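Read off the chains here:
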Amino acid sequence: MSKYKIFVTRKIHDSGLKMLKDQGYLVKVSPYDRVLSKKELIKNVAGVDAILSLLTDKIDDDILKAAGPNLKIVANYAVGFDNLDIEAAKKRAVVLTNTPDGSTESVADFAVILMLALDRQITEADKFVRAGKYNGWAPFLFAGECLDKKTLGIVGIGRIGSAVAVRAVGFGLKIVYCNMVRDEEFEKKYNAKFLSLADLLKVSDFVSLHVPLMPSTRHMIGSKEFKLMKKNAFLINTARGAVIDEKALVVALKKKQIAGAALDVYEFEPKLVSGLNKFHNVILTPHIASSTIETRKIMSEIAAKNIIAVLSGEVPPNLLK
Ligand code: DGY
């Protein structure tokens, strides 16, 4: 029997690659530490049984077609899967999987880091000291606000949103949330209140987004929503960029409809919408919320497990439907 062929679109943590090699599969990893062009992807996937893709690879019907009839699975190395064409995969009977458990804690940590950094102007304060502007202690220098009794609005209480709630309780934040379905257990556990998105935006001092990007969540936060937010509220996005209408965000920041924002993901990633980098009350990070060594290792192992399951004729643990 010929060996299964796997194409990995970029170098990832070794542990998952080792698991695949230990199965006797022929594992080819892209030699370039960059995103492959569509042409390069098409060339490399021809004849493979599995593709291990990254969120930066657009896996559409052209790629699936180029892979050919042997292709059984595309294992996405991300919890988000908006880069995969689900309909095309269904049509070609290709299984799609993601890595949902790997990044929960690291992304939740990062959402809270951004919330704290916004509130206490950490990035601005750092620049201030480096610029030689610190001339001595002053009572109101970079004065923020205590988190205790402030309200955090969590949009989406899946794994990551729930892990943010765990952390928020420790800071004495009041939690309100909106979600596809009400979750009374979550409410009891975190003394949280279920609200519509509009009501959540009206009462929250911090709004943290934790929904996947889907047609129903694209531009979930736009000009209408910014008008509802409190003028002292901060918006945090560690989910997917296009959940926010970023042009509307720039307008809202110009009009001072909100106090600031922290973004780890971008609507036109890696490009920024014009003007976004001009605001002192905006923190911009390069999609690193899940970037811890532990998470990268687990993600690579989860992706490998999904591939091994499918190539062994089993249902993979993280099947996307
Ligand atoms: C994910 O997993 O979707 C993150 O955005 C990247 O690790």
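The shown structure was predicted, so the numbers you read here are calculated from the model rather than taken from an experiment.

Section: the nonpolar core
Point 1. Membership of the largest hydrophobic core comes to 33 residues, with the highest contact counts inside it found for Val155, Phe226, Leu235 and Leu249.
Point 2. Where this core is concerned, the elements lending two or more residues are β7 (174–178), α9 (197–203), β9 (206–209), α11 (246–254) and β11 (260–263).
Point 3. The element contributing the most residues to this core is α11, with five residues.
Point 4. Judged by nonpolar contacts, the second largest core, of 30 residues, contains Ala111, Met115, Leu173 and Tyr190.

With respect to the sheet that holds strand β8 (residues 193–194)
Point 1. Across the sheet, which stays open at both edges, the seven strands sit in the order β8-β7-β6-β9-β10-β11-β12 with parallel pairing between neighbours. Each having just a single partner strand, β8 and β12 (282–284) make up the two edges of the open sheet.
Point 2. Bridging between strand β6 (residues 151–155) and β9 involves four bridges; their strand directions are parallel. Following the sheet pairing, Gly153 is matched in β9 by Val207.
Point 3. Of the strands in this sheet, β6 and β7 are in contact with helix α7 (residues 159–170), which crosses β6 at around 170°.

Section: helix α12 (residues 293–311)
Point 1. Between its first and last C-alpha, α12 extends 27 Å over 19 residues, near the 27 Å set by a 1.5 Å rise per residue.
Point 2. Within two residues after α12, Gly313 carries a phi angle of roughly 80°, on the positive side.

Section: the domain arrangement of the protein chain
Point 1. Per the domain assignment, the segments of the protein chain are domain 1 (5–100 + 293–311) and domain 2 (104–284).
Point 2. A C-alpha centroid distance of 32 Å is found between domain 1 and domain 2.
Point 3. Taken together, the contact between domain 1 and domain 2 spans six residues of the former and five residues of the latter.
Point 4. In total, about 540 Å² of surface goes out of reach between domain 1 and domain 2, with carbon and sulfur atoms giving 49% of it.

Section: the packing of helix α5 (residues 104–119) against α7
The axes of two packed helices give the description: the angle between them and the distance between them.
Point 1. In contact at an axis separation of 8 Å, α5 and α7 are set at 55° when each is read in the N-to-C sense. The pairing of α5 with α7 is recorded here as oblique in orientation. Crossing of α5 over α7 shows right-handed handedness. Touching Thr104, Glu105, Val107, Ala108, Asp109, Ala111 and Val112 of α5 are Arg159, Ile160, Ala163, Val164 and Arg167, all from α7.
Point 2. Residue composition of the contact of α5 with α7, grouped by class: seven nonpolar, one polar and four charged.

Conventions we followed
Residues numbered from 1 in each chain as written. Predicted model: local features only at pLDDT ≥ 70, side-chain atom pairs only at ≥ 80, totals over all residues. Heavy atoms only, no water. Core = buried A, V, L, I, M, F, W, Y, C linked by side-chain atoms within 4.5 Å. Buried < 20%, exposed > 50% of the residue type's maximum accessible area, 1.4 Å probe, protein only. Helix = DSSP H or I, 4+ residues; strand = E, 2+ residues; numbered from the N terminus. Pairing = 2+ DSSP bridges. Contact = heavy atoms within 4.5 Å. Axes fitted to C-alpha atoms, helices over the stretch in contact; angles between N-to-C directions. Expected span 1.5 Å × (residues − 1). Domains from an automatic or database assignment. Buried area = accessible area lost by both parts, 1.4 Å probe. Parallel < 35°, antiparallel > 145°, perpendicular 65-115°, else oblique. Left-handed = near helix turned anticlockwise from the far one by under 90°. Nonpolar A, V, L, I, M, F, W, Y, C, P; charged D, E, K, R; others polar.

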